[in-house]
Amino acid sequence: MPCERKPMRYGHSEGHTEVCFDESGKFIVTCGNDGDVRIWEGLDDDDPKFITVGEKAYSLALKKNKLVTASSNNTVQIHTFPDGEPDGILTRFTTNATHVTFNSSGSRVAAGSSDFMVKVVEVSDSSQQKTLRGHEAPVLSVSFDPKDDFLASASCDGSVVVWNIEEQSQLISWPLLQKTNDVSNAKSLCRLAWQPGAAKFLAVPVETKVHLYVRGSWDHVSSLSDDLLTQLINVVAWSPCGQYLAVGSVGGSLTVWDVNSKLCVERQKHEKGFTVCGLAWHPSGSQLAYTDTEGCLGLLDGLRTSTSTTTTTKQAAVKKPARDYDDLFDDDDDDRLIDEGLSDTNSPVKKPVGRDDDDDDDDDFLMPATGRARNRGAILDDEHSLDTGSLKLGRDKFGDDTGSVVVPAAAPLQPLRPVYEGPMPTPPQKAFQPGSTPAHLTHRFMMWNSVGIVRDYNDEQDNAIDVEFHDTAVHHAMHLTNSLGHTIADLSQEAVLLACPSTDELASKLQCLHFSSWDTNKEWMVDMPQGEDVRALCLGQGWVAVATSTLMLRLFSIGGVQREIFSLPGNVVCMVAHGEQLLIVYHRAPGFDGEQALGVQLLQFGQRKRQLINGEPLPLSLKSYLSWLGFTAEGTPCYVDSDGVVRMLNRSLGNTWTPVCNTRETCKSKSDHYWVVGIHENPQQLRCIPCKGSRYPPTLPRPAVAILPFKLPLCQTSTEKGQMEEQFCRSVLFHNHFSFLSSSGYEIDEDAQSHSQKEQQELLMKMFALSCKLEREFRCVELADLMTQNVVTLAIRYASRSRRLALAQRLSEIALEKANQIQKEEEEEEEPEYSNVRQPSGYGQSEVTGGRHSSRLNQEEEQGKELREEDGQEMETEEAAETRKRVNPFAKEAVSPVMQTLTPIGKVGRANPFKVLGSGKPSSSSGQPRVTNILDNMTSSRKSAPLGGPAGKPNKGPVLKPLAPRPKTKTQSTLLQLTGTKASSKKTQENTQPAADQQKQAEVPPPASPADNTENKRPKTGFQFWMEENRKSITADHPGLEETDIIKEAMGRFRTLSAEERLSWTERAKGQTGDAEDLKKRKRAGGGAENENGQAEADENSAKKKKSLDPSSKLSAFAFNKN
Amino acid sequence: MDASEVEFLAEKETVTIIPNFSLDKIYLIGGDLGPFNPSLPVDVPVWLALNLKQRQKCRIVPPAWMDVEKLEEIRDLERKEDTFTPVPSPYYMELTKLLLNYASDNIPKADEIRTLVKDIWDTRIAKLRLSADSFISQLEAHAKLDNLTLMEINTIRTFLLDSLNCMYKLRSNLQPGSSKGQFKDF
């Protein structure tokens, strides 16, 4: 009796289900845990009609166009069939009924309940009830005697009882079953069945057998069993002719016996092995419908029960030994294989074995993490089912060709494979809105982002959209009726954007509620062209982007003006916007073997429209799909894939994607997920909603946002080194947005930026110290390369204190290089700004008129000064007393008291030529050999060397070396000449254009001569400052004076100042000195040689001072903290 | 000590709220609070939470123990044990009252929680009375009671102390001759 097992259909949510046919056999009727009764016009009915009967439906029975259901409100109700009109309540129990059934004529209904009672009710008059009491546990099932005299019932107390209905008494009771306390705990549902027609037998499923009892004598005449049936039998059903008995088991086996011959005529297995809990014969006896506890409906077709008994039995008899033979072979295989083998022998038009395997594989590909059928349904497209459908078709044909009725025993081991065996294409993932839950849910989030929440309620009665803002200051909450059936939404500070798919009559619509509009018309709506559906949309600042099914991207202004239109390279997956940026992810190509091939485009609108990322592949974890896409609050694109890996765009590394967090790592259970709703870079926060056992949160109870930290997946993050490296990398990555924001003209939080820089430098210093401890000097140098100049000086100090001379020496080289680099950079940077910063007169004026900029710098200068002094003092204490002694006499020479600290002997010796030079220019500068920060440290490192090291290196080495590799463009002698020429060339050319200056500056080669360097050590004196301030007035008073004359004149005037005034100038000069500033001076020396205008030069100096002091003061603040 | 004073103390307990406004950190004598970001949970003292709630500036997230299942467990344990069991919060009664009075819309199954907490309270107070009774009837000099909350102590303090005083007076009057011996007993 070969039959065809039709593919399963999803019918209800998981849980107990039941099935029956209507009397004509036209409809299959099922009920399930979702409280619906579905009426299927055959198994292929894609849109079954449904009647909602309650929250849950436990059982149903159908006869004479009356549908009786047991629902969760403890009633047994009648509905008309097939209209589904409620037709009253038949009876009530104190708890829910577990099984209802009609008698053969349809005049009575029997219902068993969890309150231990069985009731028999007349359908026409529900007041005529008979109650059968006697069970001591919930009733499992009830069954009418076809002649209406008796009623059989099974209960959780383990008994199967036959009642006399009229007398309401127990006739006989068999203790056959295992005792349990509730239907939900019962191992088997023990659905009893009387043989229809002759009513000779009562079939009782007892464990793996079916006992047949004779009506009347109640003798146990025989048992039906099958060797292959190893699991408990759940349900039994007689064929309408009464000759066959079908059973469904807990393990999913379906077996049909011929009762007369007691032979098994059909064995089938549920395709997924779920428990069969509902079984019904078609009135014609040719079909057998079954349902499982996962809510699926299946059908066996082509059961030839109407054929003559003898032939069937013969066939069966013939087949039986053959199968046994098979069993011998397949003994070691699992049930499934046997089953499949059997079904193959039975039905040639069956899905090949390979089909099932592929199915499972597909599942694995798509849902590596959960493998839940429901989730898969939520994510995958309809296209998926289409795809597999077409594939199956092809395979079925294939099966037709090769499959034969008699298949050799080895057939199951030779799976019928499709011709093509290469990698299979992955169904492309469907377009979605990031931050929304699947559209099939009745209550769902249409959008949850940093602005607010859009919820959609799509009940029977109501279809509404709720918009709620996190910050009620933005706008009050809104409640909209969703008459158009919007399915996608976005929300920003300005507007709510909604779109609905097209229907047969209506085009796809885009609706914008522009609530921030200042006019009275706060809403606009646009129809998409015919055949074009909105697939994804997003709201930027002042614009709206919509991607459609025709690969079109349409750009509107927020007011509804159509602005741009362009084509997308592939089907859109999702789209997000932030400010002026638009990020689009689309299908680049079909993916294979579970991978998605996605491409990404990043566009920037606003002033200059451009494409920042053009169609590069979007990296996803293996076999995962995109689950969230968005921008951080600071505007860096990032996304999450279904494996929970969060990736962020690294703009500083050529727009690569860096994984910053794996949300699955923090999940407690495998089925838990985090639903990301937002990412912040400063502070570093991953805002998400923990979802227990699902990928999406429910709308109620209202989910609470949790915050996850970021963690870059670096190696060995359990070690201290790994931890610090991770922190450093993360800090650098998460502060990339500063440079991006400033480059695109946004204001940035400078405090935060400097704080982050400080943090990074601190980490570097810690890592440096750690590497030092581990004796990894090369690594130390690598780290020092990453440090800023001032931190390098600290590193040098650290190295020298821990007696690593070679290291200190290398570091000092790095320090110098850095200093030069900074200078070069600043030179380049300065030029465009130069004309802006330029002030008519010297430093003082620019200070006054420079506004915010200069005043801020002033503060920093002061800070810098203080810190420098601190630094200096510290250096002093560090150094040995002898050094001090040596310094002191020198300090006497020096005019400035500040200078006393840092002029070690070595320097005095080496710096002699410069001293000469300094004293050679006594009038213009007091020639204090003020040391720069770097050199301070260098000398200190050198200082400590003789202290710690065995052999003091006299006056050579460390200091010289860094200078040596510098290109020696000018010798010391030329330096003298230079200064000479400089002095003489300082002719007042007040009319020089700034532009000309710039040109000249550009021509100036990066001055890096050692001579210049040393010359720089001369700090500015108070007099110089004063002169810069007053040069203009002098030149105004005495036009045509030579430079030297001006200086003389200035000297004269300076002397006339009061002592206090002079002191204040000197103080200021102190504040001005600094290494970076000295570098400026060096540049000035070069610039002077190029005939620079004195005044312009002064300006330039002041401007540069401002610039250069900026970082140094910060870092000296850092240095201060460090010690 | 007044019950309202105990309640005042309870208001210092922190509770999680979800603000719907944005505000930087606020610096108070009792410590810094915030920053407040819309939709981000933040811990604040109960007094502030209630204030914000009344101005509809936040949603209150009920404390973890304010859950029907957990409270049922506690109640069952409390009924089973003869001694006092540890309570979920030293101010469970006050917090329940405050939060349920002002923010019952943010707390699922508020009525059940109210009943459960009242059950726990009643059980505990009954125990307290019982132990006070046996303390007096057995003429004990001292007793030790663990896991009592401030509010519970407060409810019985006045009565117990007054009655003990009273009894002391009565006893010393009964046996004026041997008053010294009586002293030793107490």
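Refer to the preceding data block for the structure.
The model shown is predicted, which means the values in this text are computed figures rather than measured ones.

With that settled, consider the overall build of chain B. Summing up its helical and strand segments, chain B has seven helices and five strands in all. Start at the N end of chain B and walk to the C end: the helices and strands fall as α-β-β-β-β-α-β-α-α-α-α-α. Long-range contacts, defined here as pairs at least 24 residues apart, represent 69% of the contacts in chain B between residues at least 6 apart. For chain B, the exposed area adds up to about 11,300 Å²; of that, 54% sits on carbon and sulfur atoms.

This next bit is on the sheet that holds strand β6 (residues 49-52) of chain A. By way of backbone hydrogen bonds, the strands of a sheet pair with one another, either parallel or antiparallel. Residue and element names in this part refer to chain A. Strand order in the open sheet formed by four strands is β3-β4-β5-β6, with antiparallel pairing between adjacent strands. The outermost strands of the open sheet, each flanked by one partner alone, are β3 (18-21) and β6. Taken over all neighbouring pairs, the strand axes of this sheet differ in orientation by 20 degrees on average, direction set aside. Judged from the four bridges that link them, strand β4 (residues 28-31) and strand β5 (residues 36-40) form a sheet pairing that is antiparallel. Looking at the pairing, Ile 28 lines up with Trp 40 of β5.

Residue and element names in this part refer to chain A. According to the stated counting rule, one finds zero disulfides over all chains in the structure shown. Left unpaired, Cys 20 is separated from the closest cysteine sulfur, that of Cys 31, by 8.1 Å. The buried category is assigned to Cys 20, whose relative accessible area is 12%.

All names here are of chain A. Inspection of the secondary structure puts Asp 226 in the loop between β22 (220-224) and β23 (233-238). For the pair Asp 226 and Thr 208, spaced 18 residues apart in the sequence, the C-alpha separation amounts to 8.2 Å. Side-chain polar atoms of Asp 226 contact the side chain of Arg 267, separated by 2.4 Å.

This part is about the packing of aromatic side chains. Aromatic ring pairs are reported here in terms of the distance separating the ring centres and the angle at which the planes meet. All names here are of chain A. Scanning the model with the defined rule gives 15 aromatic pairs over all chains in all. Where Phe 469 meets Phe 515, the ring centres are 5.2 Å apart and the plane angle is 80 degrees; that geometry is what we call edge-to-face. Taken together, the residues span a long stretch of sequence, with Phe 469 in strand β32 (residues 463-469) and Phe 515 in the loop between β36 (509-513) and β37 (523-527) at a distance of 46 residues. Among the residues examined, Phe 469 registers a relative accessible area of 4% and is labelled buried. Between the aromatic rings of Trp 543 and Phe 605, the centroid separation amounts to 5.0 Å while the plane-to-plane angle is 85 degrees, which identifies the pairing as edge-to-face. In this pair, Trp 543 is assigned in strand β39 (residues 543-548) and Phe 605 in the loop between β44 (597-604) and β45 (610-617), connecting sequence segments 62 residues apart. Classification of Phe 605 as buried rests on a relative accessible area of 9%. Linked through ring pairs, Phe 150, Trp 174, Trp 194, Tyr 213 and Trp 218 together constitute an aromatic cluster. In this arrangement the basic side chain of Arg 651 is found over the ring face of Phe 740, its NZ or CZ atom lying 3.5 Å from the centre.

This part takes up unusual backbone geometry. The omega torsion of the bond from Asn682(A) to Pro683(A) falls at 0 degrees, within 30 degrees of zero and hence cis. Along the chain, Gly34(B) connects to Pro35(B) via a cis peptide bond; the corresponding omega equals 0 degrees. Turning to its location among the elements, Pro35(B) is positioned in the loop between β3 (31-33) and β4 (42-45). Of note in the backbone geometry, Lys64(A) takes a positive phi value of approximately 50 degrees without being a glycine. Mapped onto the secondary structure, Lys64(A) falls in the loop between β7 (57-63) and β8 (66-71). Look at Lys64(A) and you get exposed, because its relative accessible area is 51%. With a phi close to 60 degrees, Arg803(A) is a non-glycine residue in the positive phi region.

Residue and element names in this part refer to chain B. Negative charge collects at one region of the surface, where Asp 67, Glu 69, Glu 72, Glu 73, Asp 111 and Glu 112 lie side by side. For the negative patch, the secondary-structure elements that each account for two or more residues are α3 (68-80) and α5 (110-137). Of all the elements, α3 adds the most residues to the negative patch, at three residues. Following the sequence through the fold, Asp 67 ends up in the loop between β5 (58-61) and α3.

All names here are of chain A. One can find Ser 492 in the loop between β34 (488-491) and β35 (496-500). Of the residues examined, Ser 492 reaches a relative accessible area of 10% and is grouped as buried. In this structure Ser 492 touches Val 451, Phe 469, Phe 515 and Leu 539, once residues within four positions along its chain are discounted.

Every contact between the two is made by eleven residues of chain B and, on the other side, eleven residues of chain A. Taken over both partners, the interface formed by chain B and chain A buries close to 870 Å², and the fraction arising from carbon and sulfur atoms is 55%. Among the residues chain B hides against chain A, the three largest losses belong to Asn20(B), Ser39(B) and Leu40(B). Together they make up 50% of the total. Linking chain B with chain A are zero salt bridges, by the criterion used here. Linking chain B with chain A are one residue pair in polar contact (both at pLDDT 80 or more). Of the residues assigned to the side of chain B that touches chain A, the class counts are six nonpolar, four polar and one charged.

Analysis parameters
Residues numbered from 1 in each chain as written. Chains lettered and ligands numbered in written order. Predicted model: local features only at pLDDT ≥ 70, side-chain atom pairs only at ≥ 80, totals over all residues. Heavy atoms only, no water. Helix = DSSP H or I, 4+ residues; strand = E, 2+ residues; numbered from the N terminus. Contact = heavy atoms within 4.5 Å. Areas by Shrake-Rupley, 256 points an atom, 1.4 Å probe, with all protein chains shown as cover. Pairing = 2+ DSSP bridges. Axes fitted to C-alpha atoms, helices over the stretch in contact; angles between N-to-C directions. Disulfide = S-S within 2.5 Å. Buried < 20%, exposed > 50% of the residue type's maximum accessible area, 1.4 Å probe, protein only. Polar contact = N/O pair within 3.5 Å; in protein donor to acceptor, adjacent residues only side chain to side chain. Phe/Tyr/Trp six-rings, centres within 6.5 Å; stacked < 30°, edge-to-face > 60°. Lys NZ or Arg CZ within 6 Å of the ring centre and 35° of its normal. Patch = residues over 30% accessible without salt bridge, like charges linked within 9 Å, V, L, I, M, F, W, Y side chains within 5 Å. Salt bridge = Lys/Arg side-chain N within 4 Å of Asp/Glu carboxyl O. Lys, Arg positive; Asp, Glu negative; His and termini not counted. Charge placed at Lys NZ, Arg CZ, Asp CG, Glu CD. Buried area = accessible area lost by both parts, 1.4 Å probe. Nonpolar A, V, L, I, M, F, W, Y, C, P; charged D, E, K, R; others polar.

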